[in-house]
Amino acid sequence: MKFKIRNKTVRRIVSIGLVIALALFFALSTEAFLSPRNLFLLLKDSAYLGLIALGVSIVIIGGGIDLSGGGIVCVVGILTSRLTFTGLPGIVILAGGVMLGAICGAANGFLIAALHLTEFVATLATGFVFTGMGLLFAYRSNGRISGNLVSKSITNKSFLAMGKHINGLYWITIVWIAMTVLSHFVLIRTKFGLHTYALGSHEKSAEMSGVNVARQKALGFVISGACAGLASVMVVANMGASAASLGTGYEFQAIAACVVGGLVLGGGKGDTIGAFIGSIFMLLVLNGLYKFNLPTYWQYIFQGAIIILATAFDAQFAKFAQKRRAAESAAQTAA
Amino acid sequence: MEEGRVLLRTEGIFKQFNGVTVLDDVDLEIRYGEVHALMGENGAGKSTIIKIITGVYAKDGGEIFVDGESVAINNRQDARARGISVIYQELSLVPALTVTENIFLGQEIERRGLLTKKKMREMVRALIGRYAFEIDPDAVVDSLGMAQRQMVEILKALSMDAKLIIMDEPTSSLSAAESEKLFDTIDGLREKGAGILYVSHRLDEVYRLSDRLTVMRDGRIVAVLDKSEINAKTVTTLMIGREPRESRARSGRDLFKDNCLEVKHLSYGKLLKDVSFTAYGGEILGIGGLVGSGRTELIRCIYGAAKQDGGEILFNGMPVSKRIAKNIRMGFGLVPEDRRVEGFIPVQSIEKNIAIASHDRLSKFGVVHARKETRWAEDAIQSYDIRPKNRNTPVANLSGGNQQKVVLGRWLSRDPKLLLLDEPTVGVDVGVKADLYDFMRKLAQSGAIIIMVSSDLFELTHISDRILVMHGGRFFEEFTHDNASQTSVLLAASGEHTEEGRAL
């Protein structure tokens, strides 16, 4: 039998290739880029987005979309930063933050699976609600919420330890890598994973085959919420304070990272490794442009352009993949 | 599973919907190792009896026996537990998953919370080996053809220890080659002793496959035939309840020579090589040939929906445009092969579906005249007897026959000059068929050219004034109405010259 590369693999090579090409470009054109410090910071920032994107990617594989990631990061971040002053050990606060994120996700799941709201509308609405609830608990100075970092710095040592690094490698990066490996394993090797792909690829068929579609959908949102909660706690620990603007815009950044990484809105395709690569790619662009001293609006324009290019590529790629499959199928029929 | 033993038997099944009896005293019997065909017009009760056997509907009376034992089947799980599986028309596979994953979806084998992929693959491989299917357990379903997908469905049923497999019109979405593959699969199942209940409209399939045939009419079983007793005439008589009327001798048709379509040396991909013919107003020109012989592509080229590689198409001496909208204004109409996909917009009303091609006449400056549109639709509903007689009903809710009346009505209401029909009566019940033929005849008599592609030999030989049979990418033989017989047309389609036809 002839050796054949699967379409999936081709897509993966393309996204990794893009990351390498972009990194090479920045490495050659700016001096500061290749410094270990910059690379560790890049991985730290990627991890923040990447953890949110990881959760969102599971929803996307299941055929859904989650627009509430930013809101969850906001409410979890502000509540956990308050929790640090109770003196609880950091690990307990971490668990509390993840739990809170999961509860937010469960609310999404309830609206979607039990009340049959569409994913887009439900998570758009809860995203507002979560952000609002975050602001409700935000610290105020003279009765006004500060837009940036709240003045009150976190002093809880065991909590702040989670924001530190080992020889430059931040804990959030380590957690992100571990979570990506774990989630990939779960998607590939467990019933939960199989059912997620089945749900995203053809909901009706999955249901006919005995997959509990409502539960599966709800679980995806719970995981997505928990991941956003985890990202939020880790980033607050790193900054040593929370901000009212925490998480703003990250719901869209996360979806963009997934799309760049080869996940297809509509479901059934891609994996969390794709979301991992996509997140690095998004931050690489930001980091690189920063090194060029370009104004921030260029970041927006570039990010938008990347999303367009990635989706346009995927549309062309789908045609190409279809052709390959058709040829394969014809060969099979002939044989 | 010894062959010939009774697998499933129903006794006196009775079912009513809202006080209307839809099944009355149905005694169905299926044995191990037989392909048992079930035929009947639409509404004869075939689907209802299947749904009762598989636990989708509750019966109002009667008993079901599996292996001679009276059983209660209240839901799909009960049916599954008794070894009864259905292969539905719309397949229930997940395209992104592999064959193995699909077969075990919903009944995965796990060890310590993890999927036992190797074990499941081996089980599928063993199953495939036992039935000698040609399929790779690791192939992603998306990359498989329709026939292979049906194999996966069948494997899925077999993996649940199905002994009775019910197939409802399984070839409706298959090409001829794929159908042949499915038939081999079915033969294999029969050899292994499984029972198969095969529902089909197509007599040639039933003849090819079945050991016995049960014919239903009006909710009752009218006959159970053995293989030797199955022939077209007997079966249709039983289904319809009256002899199909023979109207072969008929008066000559007037040709309207001023309305003519000329196709010259048309070629299209590998399918059409040098196709030429001329059709005049006043005649129904039938186009015969096997499925996949390029007939559909030919009429799509004429309509402007496909672009030919070579040759020309002239309508009254003028080259035909490749823009569909323009051709419609010239008086073209097309009733496509798959009406669900191309023929109508399911969620929209009868009115919108009929008016959609006539907005050139119903609107001014891009604004649709609502009252004109309503009147246009009401006229069509009356003239073509579309039921229900409510212009606001979504077409998806109509029966197959009435859906086709909507598609046909859209064109007829414009008084087209050239009407192209692709398998116009597939899935349409006999009563509506007669109506459709009437409409076509009347349109032809008014001077329009009608070109009808059909695989239904009876339809082709009875309705057409002239038949061109396609084979190997060109027209092979021509028949007049009077000398066309179903056998000779079929022979010509298979590439054998006949005495009746004129070789081209």
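Model, not experiment: these values are computed from the prediction.

Quick look at the overall build of chain A now. Secondary structure assignment for chain A yields 13 helices and four strands. By the compact-globule yardstick of 20 Å for 335 residues, chain A fits well, its C-alpha radius of gyration being 21 Å. Projecting the C-alpha coordinates of chain A onto the three principal axes gives extents of approximately 75 × 55 × 35 Å. Counting every position in chain A, which comprises 335 residues, the buried fraction comes to 49%. Excluding contacts between residues fewer than 6 apart, the proportion of contacts in chain A whose partners are at least 24 apart in sequence is 79%. Surface accessibility of chain A: about 15700 Å² in total, with carbon and sulfur atoms responsible for 70%. Positive and negative charge centroids in chain A, built from 25 and 10 side chains respectively, lie 4 Å apart.

Glancing now at the overall build of chain B. Within chain B, the secondary structure is distributed over 18 helices and 26 strands. What you see for chain B is a C-alpha radius of gyration of 25 Å, in line with the 23 Å of a compact globule of 504 residues. Relative to its 504 residues, chain B shows a buried fraction of 53%. Total accessible area computed for chain B in this model is approximately 22200 Å², and 49% of it derives from carbon and sulfur atoms.

Here we come to the sheet that holds strand β18 (residues 318-319) of chain B. By way of backbone hydrogen bonds, the strands of a sheet pair with one another, either parallel or antiparallel. Residue and element names in this part refer to chain B. What the four strands build is an open sheet, ordered β15-β14-β17-β18; its pairing is antiparallel. Among the strands making up the open sheet, the edge pair consists of β15 (272-281) and β18. Examined bridge by bridge, strand β17 (residues 310-315) and β18 share two bridges and lie antiparallel to one another. Looking across to β18, one finds that F315 is bridged to M318.

All names here are of chain B. For the structure shown, the criterion picks out 36 salt bridges over all chains. One salt bridge connects R220 with D24, and the closest N-O pair in it is separated by 2.7 Å. Here the residue R220 occupies a position in strand β13 (residues 220-226), and D24 occupies one in strand β2 (residues 20-26), the gap between them amounting to 196 residues. Judged by its relative accessible area of 43%, R220 is partly exposed. Given a relative accessible area of 23%, D24 falls into the partly exposed group. R190 is the partner of D211 in a salt bridge, and the nearest nitrogen-oxygen pair spans 2.8 Å. Of this pair, D211 sits in the loop between α7 (203-209) and β12 (212-217) while R190 sits in helix α6 (residues 176-191); the two residues are 21 residues apart in sequence, bridging distant segments of the chain. Its relative accessible area of 26% is what places D211 among the partly exposed residues. For R190, a relative accessible area of 16% gives the class buried. One network of salt bridges, with partners in common, ties together E180, D184, D187, R190, R208 and D211.

All names here are of chain B. By the element assignment, T100 lies in helix α3 (residues 99-104). Judged by its relative accessible area of 6%, T100 falls in the buried class. A polar contact is formed between the side chain of T100 and the backbone oxygen of P137, at a distance of 2.8 Å. For T100, the contacting residues outside a window of four places in its chain are M120, R121, V124, P137 and D138.

All names here are of chain B. The buried count for β12 comes to five of six residues, which makes it a mostly enclosed element. Looking at chain direction, strand β4 (residues 35-40) and β12 are connected through five bridges and run parallel. In the sheet register, M39 faces β12, and the bridge partner there is V215. Taking the residues between adjacent antiparallel strands as the criterion, β12 and β13 are bridged by two residues, where D218 takes a positive phi near 50°.

A few words on the nonpolar core. Counting 106 residues, the largest nonpolar core has I135, I154, I165 and L189 of chain B as the members making the most contacts within it. Considering every element that reaches this core, the biggest residue donor is helix α12 (residues 272-291) of chain A, with 11 residues. Setting aside residues no more than four positions away along its own chain, I154 of chain B makes contact with I87, F133, I165, M167, L182, T185 and L189 of chain B. With 72 residues, the next largest nonpolar core counts L298, Y384, A448 and I449 of chain B among its residues.

Quick look at the packing of helix α7 (residues 171-189) of chain A against α12 of chain A now. Residue and element names in this part refer to chain A. Close contact between α7 and α12 brings their axes to 8 Å; oriented N to C, the two are set at 150°. When the interaxial angle is binned, α7 and α12 end up roughly antiparallel. On α12, the residues touching W176, I177, T180, S183, H184 and L187 of α7 are T272, I273, F276, S279 and I280. Considered class by class, the residues forming the contact of α7 with α12 number six nonpolar, five polar and no charged.

Residue and element names in this part refer to chain B. The mixed open sheet is built from seven strands, whose spatial order is β19-β22-β23-β16-β24-β25-β26. One side of each edge strand has no neighbouring strand; the edge strands of this open sheet are β19 (332-335) and β26 (502-503). Relative to strand β25 (residues 474-480), strand β24 (residues 466-471) runs antiparallel, the two being bridged by six bridges. Directly across from I467, in β25, lies its bridge partner F479. Sheet strands in contact with helix α9 (residues 295-303) are β16 (284-288), β19, β22 (418-422), β23 (449-453), β24 and β25, and its direction is about 150° off that of β22.

This next bit is on the interface of chain A and chain B. With 23 residues of chain A at the interface, the matching set in chain B holds 27 residues. The largest share of the area that chain A buries against chain B comes from L194, M208 and S209 of chain A, three residues that together contribute 28% of it. Viewed at the interface, chain B and chain A are joined by one salt bridge. Measuring nitrogen to oxygen at the nearest pair gives 3.9 Å for the salt bridge that ties E110 of chain B to K191 of chain A. Run the count over chain A and chain B and you get six residue pairs in polar contact (both at pLDDT 80 or more). Breaking the side of chain A that touches chain B down by element, the ones donating at least two residues are α7, α8 (191-201), α9 (203-208) and α13 (296-334) of chain A. No other element matches the six residues that α8 of chain A contributes to the side of chain A that touches chain B.

Residues and elements named next belong to chain A. Judged by side-chain polarity, F25, F292, L294, Y297, W298, Y300, I301 and F302 come together as a nonpolar surface patch covering roughly 830 Å² of accessible area. Here the element with the most residues in the nonpolar patch is α13; it accounts for five residues. Structurally, the position occupied by I301 is in helix α13.

This part is about the side chain of T98 of chain B. All names here are of chain B. Tracing the chain through its elements places T98 in the loop between β7 (84-87) and α3. The class for T98 is buried, based on a relative accessible area of 14%. In contact with T98, other than residues within four places in its own chain, are P137, D138, A139, V140 and V141.

What follows is about helix α11 (residues 250-260) of chain A. When you tally the buried positions in α11 of chain A, you get nine out of 11 residues, the bulk of the element. Along α11 of chain A, the positions that sit buried rather than exposed are E251, Q253, A254, I255, A256, A257, C258, V259 and V260 of chain A.

Do not read the predicted coordinates in detail wherever pLDDT is low. On average, residues of chain B carry a pLDDT of 87, and 94% of them reach 70 or more. Reported for the predicted complex are a pTM of 0.75 and an ipTM of 0.82.

One pair of aromatic rings is described through two measures. These are the centre distance and the angle between the planes. A complete count under the given rule lists 16 aromatic pairs over all chains for this structure. When the ring of F277 of chain B is compared with that of F475 of chain B, the centres are 5.6 Å apart and the planes differ by 85°; the resulting orientation is edge-to-face. One end of the pair, F277 of chain B, is in strand β15; the other, F475 of chain B, is in strand β25, and 198 residues separate them in sequence. Assessed through its relative accessible area of 7%, F277 of chain B is described here as buried. Here a set of aromatic residues connected by ring pairs shows up, and it is made of F25, F26, F33 and F292 of chain A.

Definitions and limits used
Residues numbered from 1 in each chain as written. Chains lettered and ligands numbered in written order. Predicted model: local features only at pLDDT ≥ 70, side-chain atom pairs only at ≥ 80, totals over all residues. Heavy atoms only, no water. Helix = DSSP H or I, 4+ residues; strand = E, 2+ residues; numbered from the N terminus. Rg over C-alpha atoms; globule rule 2.2 N^0.38 Å. Buried < 20%, exposed > 50% of the residue type's maximum accessible area, 1.4 Å probe, protein only. Contact = heavy atoms within 4.5 Å. Areas by Shrake-Rupley, 256 points an atom, 1.4 Å probe, with all protein chains shown as cover. Lys, Arg positive; Asp, Glu negative; His and termini not counted. Charge placed at Lys NZ, Arg CZ, Asp CG, Glu CD. Pairing = 2+ DSSP bridges. Salt bridge = Lys/Arg side-chain N within 4 Å of Asp/Glu carboxyl O. Polar contact = N/O pair within 3.5 Å; in protein donor to acceptor, adjacent residues only side chain to side chain. Core = buried A, V, L, I, M, F, W, Y, C linked by side-chain atoms within 4.5 Å. Axes fitted to C-alpha atoms, helices over the stretch in contact; angles between N-to-C directions. Parallel < 35°, antiparallel > 145°, perpendicular 65-115°, else oblique. Nonpolar A, V, L, I, M, F, W, Y, C, P; charged D, E, K, R; others polar. Buried area = accessible area lost by both parts, 1.4 Å probe. Patch = residues over 30% accessible without salt bridge, like charges linked within 9 Å, V, L, I, M, F, W, Y side chains within 5 Å. pLDDT = per-residue confidence, 0-100. Phe/Tyr/Trp six-rings, centres within 6.5 Å; stacked < 30°, edge-to-face > 60°.

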